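Here is what each chain is made of, one letter per residue.
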Amino acid sequence: MNNSATEVSVGSATPPTLSARMQKTRLSITRNARTLTVENGFAGFTVEELCARVGISRRTFFNYFATKLDAVFGHQDDGLPAEALARFIAARPAGTVGISPTLLADLMDLVLEQLRREESEIHSMHGFFDAMHREPELLAKMMQVGPGRQAEFIALVAKREGVAPDHDGIAMLVHSLQFAVHRAIDRYLAVPEGPSLADEFMSIMHQSLELLGSDLPRANPPPAR
């Protein structure tokens, strides 16, 4: 997952190396940069105005980010909390060979933790993603950053499972979870007084698993890998 629940892939597979105070500052820079983007457009504010909003100096800003564009997209280590990733890795049953029977449930727990953590920010984040799709510079950056972070997360899951990083099943699973997150956010924003974001996600996953649990044709068994 990016540093939003809307990107399952967008979370970093690397635990943060900054102190808690420094990580809080870095997150504040990104959140305020996104808010200013929604309010004024990406070209409608300066680094100095962003620094004033956060309460830091220009010099401090450049200790964290090389450009305003980098600040808007956030640091790759500001995605899923390191402790959540550690729990996910440790949840693989001991002695398991191959894909573990708890992989899907463990991934869903990881996503649900992120959704519950970020539910209060989804409205402002939704405005940011709308703005991002309107501005070519932001859209180009998203197309550059998104696939790399997603590949990093897929590789993390594959490593936990002891399979190759290009394992098609792992990639399909992560893409499916990302679709479910996006659909859940759309439903949640359409009816804010309705089910919680986590409940919307679970509803979509239950529908998906109902279909994926159907028997496959056995006339042509899959090739061994």
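Let us look at the structure shown here.

### Observations regarding the side chain of Thr37
Looking at the element boundaries, Thr37 is found in helix α1 (residues 20-40). Look at Thr37 and you get buried, because its relative accessible area is 1%. A distance of 2.8 Å separates the side chain of Thr37 from the backbone oxygen of Ala33, its partner in a polar contact. In contact with Thr37, other than residues within four places in its own chain, are Phe42, Phe45, Val72, Phe128, Ala131 and Leu138.

### Looking at the pattern of salt bridges
Following the criterion strictly, the structure yields seven salt bridges and no others. The partner of Arg160 in a salt bridge is Asp106, with the nearest N and O atoms 2.9 Å apart. You can see Arg160 sitting in helix α8 (residues 136-161) and its partner Asp106 sitting in helix α6 (residues 103-118), a full 54 residues away along the chain. Neither residue differs from the other here; Arg160 and Asp106 are each classed as buried. Salt bridges linked by common partners bring Arg92, Asp106, Arg160 and Glu161 together as one network.

### What about the nonpolar core?
Formed by 31 residues in total, the largest nonpolar core has its most connected members in Leu107, Phe153 and Phe201. Ranked by the residues each element gives to this core, the list is headed by helix α9 (residues 168-190), at ten residues. Leu107 has contacts with Phe88, Phe153, Val157, Leu173 and Leu177, leaving out every residue within four places of it along the chain. By size, the runner-up hydrophobic cluster in this structure holds 23 residues, among which are Val47, Val54, Val72 and Phe73.

### Quick word on helix α2 (residues 47-54)
For α2, the complete set of buried residues consists of Val47, Leu50, Cys51 and Val54. The arc that holds every buried residue of α2, seen down its axis, measures 100°, which confines them to one face. For α2, the secondary structure elements touched by its buried residues are α1, α3 (58-64) and α4 (68-73).

### Some words on the environment of Asp77
Here Asp77 shows up in the loop between α4 and α5 (82-90). Assessed through its relative accessible area of 9%, Asp77 is described here as buried. Sequence-wise, Asp77 and Gln23 are 54 residues apart; in three dimensions their C-alpha atoms are separated by 9.1 Å.

### Thoughts on the packing of α8 against α9
Relative orientation and spacing of two packed helices are given, respectively, by the angle between their axes and the distance between those axes. At a minimum axis distance of 9 Å, the contact between α8 and α9 shows a crossing angle of 125°. In this view, α8 runs oblique relative to α9, as classed from their interaxial angle. Two packed elements cross with a definite hand, and for α8 against α9 that hand is right-handed. The segment α8 lies against α9, with Gln150, Phe153, Ile154, Val157, Ala158 and Glu161 engaging Ile170, Ala171, Val174, His175 and Gln178. In terms of residue class, the contact of α8 with α9 is built from seven nonpolar, three polar and one charged.

### Here we look at the packing of aromatic side chains
Taken as a whole and judged by the stated rule, the model has three aromatic pairs. Relative to Phe45, the ring of Phe42 lies with its centre 6.4 Å away and its plane at 90°, an arrangement referred to as edge-to-face. According to the relative accessible area criterion, Phe45 is buried, its value standing at 3%. Taking the centre distance of 6.2 Å and the plane angle of 40° together, the rings of Phe61 and Phe65 count as tilted. Given the relative accessible area of 0%, Phe61 is considered buried. A relative accessible area of 4% means that Phe65 is categorised as buried. Joined through ring pairs, the aromatic side chains of Phe61, Phe62 and Phe65 make up one cluster. Over the ring of Phe42 we find Lys68; its NZ or CZ atom is 4.4 Å from the centre of that ring. A cation sits over an aromatic face here: Lys68 above Phe45, 4.4 Å from the ring centre.

What counts and how
- Chains are numbered independently. Their residues run from 1 in the order of the written sequence.
- Since the coordinates come from a predicted model, pLDDT governs what is reported: local features require at least 70, and pairs of side-chain atoms require 80 or more to be given and counted, while whole-chain, interface and lining totals use all residues.
- With hydrogens and water set aside, each side-chain value is computed from the structure's full complement of heavy atoms.
- Helix and strand assignments follow DSSP, with helices taken as H or I runs no shorter than four residues and strands as E runs no shorter than two, numbered in order from the N terminus.
- Only protein chains enter the accessibility calculation, which uses a 1.4 Å probe; a residue is then buried when its area is under 20% of its type maximum, exposed when over 50%, and partly exposed in between.
- Here a polar contact is taken to be a pair of N or O atoms separated by no more than 3.5 Å, where protein atoms must pair a possible hydrogen donor with a possible acceptor and residues adjacent in sequence count only if both atoms sit in side chains.
- In what follows, a contact means two residues having at least one pair of non-hydrogen atoms within 4.5 Å.
- Definition used for salt bridges: Asp or Glu carboxyl oxygen within 4 Å of a side-chain nitrogen of Lys or Arg.
- Residue types Ala, Val, Leu, Ile, Met, Phe, Trp, Tyr and Cys, when buried and joined through side-chain atoms within 4.5 Å, form a set referred to as a nonpolar core.
- Directions pointing from the helix axis toward each C-beta atom define the arc.
- Geometry is summarised by axes, namely lines fitted to C-alpha atoms with helices restricted to the contacting stretch, and by angles between N-to-C directions that run from 0 to 180 degrees.
- Roughly parallel refers to an angle under 35 degrees, roughly antiparallel to one over 145, roughly perpendicular to one between 65 and 115, and oblique to any angle outside these ranges.
- Crossing handedness follows the turn of the near helix against the far one: under a right angle anticlockwise gives a left-handed crossing, and clockwise gives a right-handed one.
- Three residue categories are used. Nonpolar comprises Ala, Val, Leu, Ile, Met, Phe, Trp, Tyr, Cys and Pro, charged comprises Asp, Glu, Lys and Arg, and polar comprises the others, including Gly.
- Each Phe, Tyr or Trp ring (for Trp, its six-membered ring) is paired with any other whose centre lies within 6.5 Å, and the angle between the two planes then decides the class: stacked below 30 degrees, edge-to-face above 60, tilted in between.
- Here, a charge over a ring means that NZ of Lys or CZ of Arg falls within 6 Å of the ring centre while also lying within 35 degrees of the ring normal.

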